[in-house]
Amino acid sequence: MERILLAGATGYLGRFILKELLQRGYQVKTLVRDAGKVKADGYPDLEICEAEITDPGSIKGCCDTIDVVISTVGITKQKDGLSYMDVDFQANTNLLEEARRAGVRKFIYVSALNADKLTHVAICRAKEMFVEKLKNSGVDFCVIRPNGFFSDMAEFITMAQRGRVYLFGRGLFRSNPVHGADLATVCVDAVNLPDQEIEVGGPEILSHEEIGRLAFESLGKPPKISYIPDWLRKCVLRSLQLLTKQTFHGPAEFFLTVMAIDMIAPEYGSRTLKEFFSGLSKQ
Ligand SMILES: NC(=O)c1ccc[n+]([C@@H]2O[C@H](COP(=O)([O-])OP(=O)(O)OC[C@H]3O[C@@H](n4cnc5c(N)ncnc54)[C@H](OP(=O)(O)O)[C@@H]3O)[C@@H](O)[C@H]2O)c1
């Protein structure tokens, strides 16, 4: 069985990928900055390379004897002062250099749906700059472009629990978010697929309004939805871009952009948002 190096195993998606790889019998080594997190997840005996992927010296040799690298490393919500260029671009570039030096067969990278069309957004620009490096690296590759994860949709439940869901415009933009486990299946399938780019969405296309209503339904509450005019979204986005640092406004910039377009990808998996919301509402 091939040996896989998984970078990002401590994140939402990385955890599902790790589970999927082990279930399929792959030999897995994880590249993480805190080995304790992987051990706490119930893998005391897993091979772990504890290193700082942002520091090329620290990851030297991490890809020796590895066949395939999978990286989900990227900044989502964490605030450790680093920029998307430091992590999404440069840290993944450091890993790609190691992969190339070690003669790795394939590099699988998780970008985001439509990132190639939204390069005016900082996170997308950094990811796509790395994608360009990857495409020109000479290493076989697959870029996974997932839609929003169910983990991010939990915000709808939080708003519904507080009594009101806020939507932009008329709430009519549509998307098909995906569960981490369904996405992990695609990422692991990519180890042996010829595809160089795979867009991934979940099995149901829903409008933001439908997602809001689903959140209330899961809590057994009548829906209360407020609509934020699009001019206000644009004002907030512009003000954040002008008045705050990218390390502060980056996640909001991405969110405020993708909430104003349809985000629809080919449908994968079977897990529904309704099941996910019901699980959350029972916690
Ligand atoms: N969430 C979404 O809806 C969504 C949608 C499309 C694409 N994506 C992309 O998919 C990827 C995975 O997302 P996710 O939700 O699984 O993210 P996540 O839970 O935040 O996990 C990110 C992973 O990257 C690692 N990481 C971040 N900064 C690092 C740094 N400075 N040095 C070393 N490691 C670092 C984290 O390690 P630590 O545990 O040590 O922090 C973690 O393992 C990301 O690139 C994200 O942009 C996400």
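Structure: above.
Residues numbered from 1 in each chain as written. Predicted model: local features only at pLDDT ≥ 70, side-chain atom pairs only at ≥ 80, totals over all residues. Heavy atoms only, no water.

A. Broad picture of the packing of aromatic side chains. Throughout the structure, instances matching the rule amount to seven aromatic pairs. Summarising the aromatic geometry, the rings of Phe107 and Phe130 are spaced 5.7 Å apart at their centres and angled 55° between planes, so their arrangement reads as tilted. Taken as a pair, Phe107 in strand β5 (residues 106-110) and Phe130 in helix α4 (residues 122-135) lie far apart in primary sequence, 23 residues in all. A single burial state applies to Phe107 and to Phe130, both of which are buried. Each residue in the set Tyr12, Phe16 and Phe149 is aromatic and connected to the rest through ring pairs, giving one cluster. (Phe/Tyr/Trp six-rings, centres within 6.5 Å; stacked < 30°, edge-to-face > 60°. Helix = DSSP H or I, 4+ residues; strand = E, 2+ residues; numbered from the N terminus. Buried < 20%, exposed > 50% of the residue type's maximum accessible area, 1.4 Å probe, protein only.)

B. Representation of the pattern of salt bridges in the model. Taken as a whole and assessed by the stated rule, the structure comprises 20 salt bridges. In this structure, the salt-bridge partner of Glu197 is Lys135, at a minimum N-O distance of 2.7 Å. One end of the pair, Glu197, is in strand β9 (residues 197-200); the other, Lys135, is in helix α4, and 62 residues separate them in sequence. On the basis of relative accessible area, Glu197 is assigned to the partly exposed category, the value being 37%. Between Lys234 and Asp230 there is a salt bridge, with the nearest N and O atoms lying 3.7 Å from each other. Placement of both Lys234 and Asp230 in helix α8 (residues 230-243) is noted, with a separation of four residues, approximately one turn of the helix. What emerges from the salt-bridge pattern is a single network uniting Glu128, Lys135, Arg145 and Glu197. (Salt bridge = Lys/Arg side-chain N within 4 Å of Asp/Glu carboxyl O.)

C. Just the side chain of Asn176, in detail. Structurally, the position occupied by Asn176 is in the loop between β8 (174-175) and α6 (180-189). Looking at Asn176, the relative accessible area reads 0%, which means it is buried. Side-chain polar atoms of Asn176 contact the side chain of Asn147, separated by 2.9 Å. (Polar contact = N/O pair within 3.5 Å; in protein donor to acceptor, adjacent residues only side chain to side chain.)

D. Geometry of the sheet that holds strand β3 (residues 47-50). In spatial order, the strands read β3-β2-β1-β4-β5-β6-β9; together these seven strands make up an open sheet with parallel pairing. A strand with exactly one partner marks an edge of an open sheet, and here the two such strands are β3 and β9. Direction aside, the axes of adjacent strands within the sheet are offset by 20° on average. As paired elements, strand β1 (residues 3-7) and strand β2 (residues 27-32) share five bridges and run parallel to each other. Across the sheet, residue Ile4 finds its bridge partner in β2, namely Val28. Packed on one face of the sheet, helix α1 (residues 12-23) meets β1, β2, β4 (68-71) and β5 and runs near 165° to β1. Along the sheet face, α6 touches β5, β6 (140-146) and β9 and points at about 165° away from the line of β6. (Pairing = 2+ DSSP bridges. Axes fitted to C-alpha atoms, helices over the stretch in contact; angles between N-to-C directions. Contact = heavy atoms within 4.5 Å.)

E. Local environment of the nonpolar core. In terms of nonpolar packing, the biggest core is built from 41 residues, with Leu31, Val69, Leu95 and Phe107 touching the most fellow members. With residues near it in sequence (within four places) discarded, Leu95 still touches Leu5, Ala7, Leu31, Ile53, Ile59, Cys62, Cys63, Val69, Ser71 and Phe107. With 30 residues, the next largest nonpolar core counts Ala9, Ile70, Leu183 and Val186 among its residues. (Core = buried A, V, L, I, M, F, W, Y, C linked by side-chain atoms within 4.5 Å.)

F. Spotlight on the packing of α1 against α6. Axis separation between α1 and α6 bottoms out at 8 Å; the angle between their running directions is 60°. With respect to each other, α1 and α6 are oriented oblique. As α1 packs across α6, the resulting crossing turns out to be right-handed. Facing Tyr12, Leu13, Phe16, Ile17, Glu20 and Leu21 of α1, the residues of α6 in contact are Gly180, Ala181, Leu183, Ala184, Thr185, Cys187 and Val188. Looking at the contact of α1 with α6 residue by residue, the class counts come to ten nonpolar, two polar and one charged. (Parallel < 35°, antiparallel > 145°, perpendicular 65-115°, else oblique. Left-handed = near helix turned anticlockwise from the far one by under 90°. Nonpolar A, V, L, I, M, F, W, Y, C, P; charged D, E, K, R; others polar.)

G. View of helix α7 (residues 208-219). Taking 1.5 Å as the rise per residue, α7 with twelve residues should run 16 Å; its terminal C-alpha atoms sit 17 Å apart, in good agreement. Taken together, the buried positions of α7 are His208, Glu209, Ile211, Gly212, Leu214, Ala215 and Phe216. Residues of α7 that are buried sit in contact with α5 (150-162), β7 (165-168), β8, β10 (206-207), β11 (225-228) and α10 (273-281). Once α7 ends, the next one or two residues include Gly220, with phi positive near 70°. (Expected span 1.5 Å × (residues − 1).)

H. Fine view of a negative patch on the surface. Judged by side-chain charge, Asp34, Glu50, Glu52 and Asp55 come together as a negatively charged surface patch. Of note, Asp55 is situated in the loop between β3 and β4. (Patch = residues over 30% accessible without salt bridge, like charges linked within 9 Å, V, L, I, M, F, W, Y side chains within 5 Å. Areas by Shrake-Rupley, 256 points an atom, 1.4 Å probe, with all protein chains shown as cover. Lys, Arg positive; Asp, Glu negative; His and termini not counted. Charge placed at Lys NZ, Arg CZ, Asp CG, Glu CD.)

I. The arrangement of the environment of Gly138 in detail. Checked against the element boundaries, Gly138 lands in the loop between α4 and β6. The exposure class of Gly138 is exposed, given its relative accessible area of 76%.

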